[in-house]
Amino acid sequence: VTARVLTIGGVDPGGGAGIAADLRTLAAFGVHGMPVVTAVTVQDTLAVHSTHPIAPDIVAAQIDVVLADIGADAIKTGMLGSWANVETVADQIRGHGLETVVVDPVLASGTGQRLIDDDGLAVLIEQLLPLAFVATPNAAEATALTGVTVADENDLRLAADAVQALGPRWVVVTGGDLPGDDVVDVLVGDGTAVLLRSSRLQARDTHGTGCTFASALAACLALGDDVPTAVDRAHRYVRVAIAYGLRLGAGAGPVGQPRAEDA
Ligand code: PXL
């Protein structure tokens with residue numbers, strides 16, 4: 001049987017981030033991706049020019065019909081576009097009793113534009129994070145969620161613990177945006193903390209790294225991996241995707257998703 005992942009997020013018409021990156025990543029793992037669209041962005045490799053949320057009832061209806069007909073082995077959430085969509089997605093997760101839920105708490109684009117407002121951030125914290133099986137904030141997102149500032153590896157651990165206190169079963173804080181010769185991610189959950197470390201690649205074309213990481217993780221969970229195994233595979237997968245970055249556009253081009261067996 002084919003593993004299935006429902007990915008709930010926004011569209012980047014340049015194909016770098018959001019649902020396009022998710023679908024390429026899921027396909028690379030041999031997983032069937034099902035895109036539920038929450039927002040359309042007007043975006044190129046340089047900037048997000050505007051964002052346009054889809055109405056909450058249409059988001060809910062997409063989830064309802066696909067789950068009723070096809071079902072899903074895992075769910076991933078990314079950019080949700082409005083506080084009402086965050087609330088709708090939380091309601092849907094609860095209503096359908098979904099458990100293998102990867103929440104990527106997308107707050108801003110790599111180019112710095114905010115992708116959710118303060119009301120959306122509040123609903124994300126109050127309603128969506130407590131439903132997460134795994135949450136995947138980067139360092140800046142972990143800081144926005146918890147107030148814990150992150151400058152080094154030790155802070156990554158503190159921030160991960162603080163996010164976990166908001167309700168997710170597992171939290172991985174990705175440290176790719178921190179300075180240093182190594183990239184370090186920290187996974188906490190199950191009473192343990194694991195550091196994932198790899199040498200930093202110097203790269204320009206890194207658009208979609210966060211979406212690719214969370215999607216690779218969701219794919220591995222849908223395929224039956226436990227969380228530490230899935231996070232380790234996702235960490236290594238993103239590194240190869242960065243190495244395969246596509247030199248496109250005047251800004252940061254998309255990462256290139258390799259076949260999972262080549263990563
Ligand atoms: O990188 C987070 C992200 C998620 N989803 C969409 C995006 C971005 C960043 O640009 O455009 C649709």
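Hey, could you go over the sheet that holds strand E4 (residues 74-77) for me, with residue numbers and the actual values?
Spatially, nine strands are ordered E3-E2-E1-E4-E5-E6-E7-E8-E9 in an open sheet, and the strand pairing comes out mixed. Both outer strands of the open sheet, strand E3 (48-53) and strand E9 (192-199), are each paired with one neighbouring strand and no more. As defined by bridge partners, strand E6 (residues 134-135) adjoins strand E7 (residues 170-174) across two bridges and the pair is classed as parallel. Along E7, the bridge assignment pairs Val134 with Trp170. Running at roughly 30° to strand E8 (residues 182-189), helix H6 (residues 153-164) makes contact with E7, E8 and E9 of the sheet.

Residues and numbers for the packing of aromatic side chains, please.
Scanning the model with the defined rule gives one aromatic pair in all. Aromatic pair Phe29 and Tyr237: ring centres 4.9 Å apart, planes at 50°, arrangement tilted. Here Phe29, found in the loop between helix H1 (18-28) and strand E2 (32-43), pairs with Tyr237, found in helix H8 (residues 227-243); they are 208 residues apart in sequence, far enough to count as distant.

Give me the lowdown on the site of the ligand, citing residues and values where you can.
Neighbouring residues of the ligand: Gly10, Val11, Ala17, Gly18, Gln43, Met79, Val106, Ser109, Leu115, His207 and Cys211. A distance of 2.7 Å is found between an oxygen atom of the ligand and a side-chain nitrogen or oxygen belonging to Gln43. Protein contact buries 92% of the 310 Å² of open area that the ligand shows by itself. Class assignment for the residues of the shell around the ligand results in six nonpolar, five polar and no charged.

Talk me through the pattern of salt bridges; I want residue IDs and the actual numbers.
Between side chains of opposite charge, pairing is possible as soon as their charged atoms come close. A full pass over the atoms with the stated rule returns twelve salt bridges. Note that Asp182 is salt-bridged to Arg197, the shortest N-O span being 3.5 Å. Here the residue Asp182 occupies a position in strand E8, and Arg197 occupies one in strand E9, the gap between them amounting to 15 residues. A salt bridge links Arg236 to Asp232; the nearest nitrogen and oxygen atoms lie 3.1 Å apart. Remark: Asp232 and Arg236 occur in helix H8; sequence separation between them is four residues, near one turn of the helix. Linked by salt bridges that have partners in common, Glu153, Asp182 and Arg197 make up one network.

Conventions and cut-offs
- Residues numbered from 1 in each chain as written.
- Predicted model: local features only at pLDDT ≥ 70, side-chain atom pairs only at ≥ 80, totals over all residues.
- Heavy atoms only, no water.
- Pairing = 2+ DSSP bridges.
- Helix = DSSP H or I, 4+ residues; strand = E, 2+ residues; numbered from the N terminus.
- Contact = heavy atoms within 4.5 Å.
- Axes fitted to C-alpha atoms, helices over the stretch in contact; angles between N-to-C directions.
- Phe/Tyr/Trp six-rings, centres within 6.5 Å; stacked < 30°, edge-to-face > 60°.
- Near = heavy atom within 4 Å.
- Polar contact = N/O pair within 3.5 Å; in protein donor to acceptor, adjacent residues only side chain to side chain.
- Areas by Shrake-Rupley, 256 points an atom, 1.4 Å probe, with all protein chains shown as cover.
- Nonpolar A, V, L, I, M, F, W, Y, C, P; charged D, E, K, R; others polar.
- Salt bridge = Lys/Arg side-chain N within 4 Å of Asp/Glu carboxyl O.

Read these as geometric descriptors, not functional statements.
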